[in-house]
Amino acid sequence: MSISTTGSAASPATDLGFLVHQHPGKVQRFTTSHGAAHVFYPEAGDEVCTAALLLDVDPIALVRKGRGAGRGSDGSPAVALAQYVNDRPYAASSLLAVALRTVFRSAMKGDCPARPELPGQARPLRIELPVVSVAPAVPAVPASGRGGGDGGPALVARLFEPLGWRVEATAIPLDEAFPEWGDSPYVRIVLASETVRLADALQQLYVLLPVLDGAEYYWAAPDEVDKLLTADEGWPAAHPERALITRRYLARRRSLTRPETERPELVRLAEADDREVGEIDNAVDDRPEEIQELGDVQEPGETREPEGTREPGQDQDPEPEPEPELSGPPSLAEQRRTAILAALRETGAARVADLGCGRGELIGELLKDNRFAELLGVDVSVRALQAANRNLRLERLPEPQAARVRLTQGALTYTDARLKGFDAAVLCEVIEHLDLPRLPALEYAVFGAARPRAVVVTTPNAEYNVRWAHLPTGGTRHADHRFEWSRAEFRAWAEKVAAAYGYTVVLRQVGPEDEEVGAPTQLALFRTAADPSAPESATSEPTTPEPTTPEPMTSKPTTPEGGESR
């Protein structure tokens, strides 16, 4: 893919280099999950500048990762040979969209610390993609009411013209020597505009390349719904082909299509707490009445969080000399993880068990700090553990790093010898998913039997729920929450557990504190007398009345797949 712009001596075209964060005088190489991405400049002058992105796809790696089982765009079953002989290394597709996100992340966010005035400026752009995989669209008649084919150049025009692009889309014949064979499923695309922000252009390509591709190679990861809604927020919702874009972008997760298009309140609730839509949808009965049960439906542009709940954060590009990015304000889930990490560092813990680890976000943060030498992730859900393994990419980590992590299945209401001997354990947004009669079993399994030196527990502050516009009075933040405690209730529980099992406890607030209702999340840090950094008052011996044998697991898991982001 090539991106060209024009300029003058006063405003040189080479300003493009500042926007994409790649120097025109260098050739740079980046590693992606599908192969190597190269960025170079075929021409770089004051009048014309062109930046090119070349993705060198490794088809064998695709097969090994389970993403090379055939195109399937025409409905035909994939064959074994198609795993190794396919179009992925030769045509721009959904894989290129992933490379765009990896290489041009800062440009897509409109961040340019060296020249902060540039991202907001519209400029002439010409984008060329010589060979693009374009699968037929279904239905053939576009939602906008315009006729004109169900694929090929017509589909390209349907997607890009409403965004203000002049579209030149030319079908590539199967073989120029045999015109009677007709056209291939590939199109040469040239997009031109005199006034467009580079960030807008890249974000649109990021979403629409998978839409054009329509191939089974593109697996919609758990955060794809959020990407669709937040990539250049506003334009997907206003696009006349929104239904088509959503259906094809989420081709591998069709169960999410209806919640995204018909139940936007689920999307906004997921955004508010950094969770995937599928988690919430799995915990909600799929009936029309559920919209009313979840409260008022937000408009697409509304946010679920009250003002002041986020602060600026930073991210980095995968460049040899990374520059700080403005990645947007951290979500409440990110603030929780930050508070948990601070508490763990305070205790000096080196061996940490994440109980109810979910998709592994907290473990991923712990991995970045070498002081945490051993990490154990436990969850009752096999699917959650599989997602954690994918997210952590353990098979791609250096062996010393991967050796620090173990993921295992377990129910937290049963004693488990594998949990003994850890310096600290974390229960992040877990206890509220248990029925109250089963909570004593978890207390004994963690504080009595496993008995780490420190335990960090977070749970929602029910008093803060009045600040969430989407929640009806008396409602909970998640359909699977069995309870949500006020600050007084959480304090009473924490002090009771600490006294029973020989711990001291300190309570903290996570997130912005409201004078009337406190912060959205509450955290308890339990520490034993065996903890050398614990307060001197932690001298009481445990009085652990062993509870009766826990009842068998019910149909609702202890740490369900539909819990909060870890």
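Residues numbered from 1 in each chain as written. Predicted model: local features only at pLDDT ≥ 70, side-chain atom pairs only at ≥ 80, totals over all residues. Heavy atoms only, no water.

## Focus: the pattern of salt bridges
Opposite charge on two side chains makes pairing possible when the charged atoms of those side chains draw close.
In step 1: A complete count under the given rule lists 24 salt bridges for this structure.
In step 2: Linking Arg-359 and Glu-361 is a salt bridge whose minimum nitrogen-to-oxygen distance equals 3.2 Å.
In step 3: Here Arg-359 falls in the buried class, since its relative accessible area comes to 11%.
In step 4: With a closest N to O distance of 3.5 Å, Glu-495 and Arg-491 form a salt bridge. With Glu-495 and Arg-491 both in helix H19 (residues 487-501), this residue pair falls four residues apart, about one helical turn.
In step 5: Relative accessible area serves as the criterion here: at 42%, Glu-495 is assigned to the partly exposed category.
In step 6: For Arg-491, a relative accessible area of 43% translates into the label partly exposed. (Salt bridge = Lys/Arg side-chain N within 4 Å of Asp/Glu carboxyl O. Buried < 20%, exposed > 50% of the residue type's maximum accessible area, 1.4 Å probe, protein only. Helix = DSSP H or I, 4+ residues; strand = E, 2+ residues; numbered from the N terminus.)

## With respect to the environment of Glu-194
In step 1: Within the element layout of this structure, Glu-194 appears in strand E7 (residues 183-196).
In step 2: C-alpha of Glu-194 to C-alpha of Arg-126: the two residues are 68 residues apart in sequence and 8.7 Å apart in space.
In step 3: Each residue touching Glu-194, except ones within four places of it in the same chain, is listed here: Arg-123, Pro-124 and Arg-166. (Contact = heavy atoms within 4.5 Å.)

## Let's talk about the packing of helix H5 (residues 152-160) against helix H9 (residues 242-249)
In step 1: Two numbers describe how H5 lies on H9: the axes approach to 10 Å, and their chain directions differ by 115°. By the angle between their directions, the pair H5 and H9 is classed as roughly perpendicular. Once H5 is placed against H9, the crossing between them reads as left-handed. The residues of H9 that touch H5, namely those facing Leu-155, Arg-158 and Leu-159, are Leu-244, Ile-245 and Arg-248.
In step 2: Taken together, the residues that form the contact of H5 with H9 break down as four nonpolar, no polar and two charged. (Axes fitted to C-alpha atoms, helices over the stretch in contact; angles between N-to-C directions. Parallel < 35°, antiparallel > 145°, perpendicular 65-115°, else oblique. Left-handed = near helix turned anticlockwise from the far one by under 90°. Nonpolar A, V, L, I, M, F, W, Y, C, P; charged D, E, K, R; others polar.)

## Focus: the packing of aromatic side chains
In step 1: Within the structure shown, the criterion is met by ten aromatic pairs.
In step 2: Taking 6.4 Å as the distance between ring centres and 35° as the angle between the ring planes, the aromatic pair formed by Trp-485 and Phe-490 counts as tilted. Here the two residues Trp-485 and Phe-490 agree in accessibility, since each one is buried.
In step 3: Sitting over the ring of Tyr-206, Arg-101 keeps its end group 5.2 Å from the ring centre.
In step 4: Lying over the aromatic face of Phe-422, Arg-351 brings its terminal NZ or CZ to 4.6 Å of the ring centre. (Phe/Tyr/Trp six-rings, centres within 6.5 Å; stacked < 30°, edge-to-face > 60°. Lys NZ or Arg CZ within 6 Å of the ring centre and 35° of its normal.)

## Some words on helix H16 (residues 382-392)
In step 1: Ala-384, Leu-385, Ala-387, Ala-388 and Leu-392 are the residues of H16 that are buried. The buried residues of H16 all sit within an arc of 160° when viewed along its axis, so they share a single face.
In step 2: Turning to H16, the residues buried within the fold contact helix H15 (361-367), strand E11 (374-379) and strand E12 (405-409).
In step 3: Two to three positions downstream of the cap, the backbone nitrogen of Ala-384 sits 2.9 Å from a side-chain oxygen, assigning the N-cap of H16 to Ser-381.
In step 4: Positive backbone phi, approximately 50°, marks Arg-393, located one or two places after H16. (Arc of directions from axis to C-beta. Polar contact = N/O pair within 3.5 Å; in protein donor to acceptor, adjacent residues only side chain to side chain.)

## Describing the sheet that holds strand E1 (residues 2-6)
In step 1: Judged by pairing direction, the sheet is antiparallel, and its seven strands sit side by side in the order E2-E3-E4-E1-E5-E7-E6 without closing on themselves. Across the chains shown, the open sheet's two edge strands, defined by having one partner strand only, are strand E2 (28-32) and strand E6 (166-173). On average, each strand axis in the sheet is tilted by 15° relative to the strand beside it, whichever way the strands run.
In step 2: Note: E6 against E7, seven bridges, orientation antiparallel. When the sheet's bridge partners are listed, Ala-171 is paired in E7 with Val-187.
In step 3: This element, helix H3 (residues 94-103), spans E2, strand E3 (35-44), strand E4 (48-57) and strand E5 (123-133) of the sheet and lies at about 120° to E4.
In step 4: Lying over the sheet, helix H6 (residues 198-213) contacts E1, E5 and E7, oriented at roughly 15° with respect to E5. (Pairing = 2+ DSSP bridges.)

## With respect to the nonpolar core
In step 1: With 54 residues, the main nonpolar core has Phe-104, Ile-127, Leu-129, Leu-159, Phe-160, Leu-198 and Leu-212 as its most contacted residues.
In step 2: With ten residues, the single largest contributor to this core is H6.
In step 3: Not counting residues within four places of it along the chain, the set of residues in contact with Leu-129 comprises Met-1, Ala-92, Leu-96, Val-187, Arg-188, Ile-189, Leu-205 and Leu-209.
In step 4: Among the nonpolar cores identified, the runner-up in size contains 33 residues, and Leu-376, Leu-419, Ala-450 and Trp-485 belong to it. (Core = buried A, V, L, I, M, F, W, Y, C linked by side-chain atoms within 4.5 Å.)

## Re the sheet that holds E11
In step 1: Spatially, seven strands are ordered E12-E11-E10-E13-E14-E16-E15 in an open sheet, and the strand pairing comes out mixed. If you trace the sheet from one side to the other, it starts and ends with E12 and strand E15 (503-510), each paired once. In this sheet, adjacent strand axes meet at a mean angle of 15° when their direction is disregarded.
In step 2: Packing against the sheet, helix H18 (residues 439-450) makes contact with strand E10 (351-355), strand E13 (424-428), strand E14 (454-460), E15 and strand E16 (521-528), and its axis sits at approximately 150° to E14.

## Describing the packing of H5 against H6
In step 1: Running from N to C, H5 and H6 point in directions that differ by 150°, and their axes come no closer than 11 Å. By the criterion of interaxial angle, the relationship of H5 to H6 is roughly antiparallel. The handedness of the crossing between H5 and H6 comes out as right-handed. Every residue of H6 that contacts H5 at Leu-155, Val-156, Leu-159 and Phe-160 is listed here: Leu-205, Leu-208, Val-211 and Leu-212.
In step 2: Split by residue class, the contact of H5 with H6 holds eight nonpolar, no polar and no charged.

## Notes on unusual backbone geometry
In step 1: Even without being a glycine, His-21 presents a positive backbone phi close to 65°.
In step 2: The topology assignment puts His-21 in the loop between helix H1 (15-20) and E2.
In step 3: Residues other than glycine seldom take positive phi values, yet Arg-393 does so here, at roughly 50°.
In step 4: Mapped onto the secondary structure, Arg-393 falls in the loop between H16 and helix H17 (399-402).
In step 5: Arg-393 gets classed as partly exposed once you look at its relative accessible area, which sits at 42%.

## Some thoughts on the confidence of the model for the protein chain
In step 1: For the protein chain, per-residue confidence averages 75 on the pLDDT scale, and 69% of positions sit at 70 or higher.
In step 2: Across residues 67-79, where pLDDT falls below 50, the model places 27 contacts with residues more than four positions away in sequence or in other chains.
In step 3: pLDDT under 50 marks residues 252-275. Its contacts with residues more than four places away, or in other chains, come to 98 contacts. (pLDDT = per-residue confidence, 0-100.)

## Concerning the pairing of E5
In step 1: As judged from the three bridges shared by E1 and E5, these two strands associate in the antiparallel manner. Across the sheet, residue Ser-4 finds its bridge partner in E5, namely Arg-126.
In step 2: Pairing of E5 with E7, which is carried by eight bridges, proceeds in the antiparallel orientation. When the bridges of E7 are listed, Leu-129 appears paired with Ile-189.

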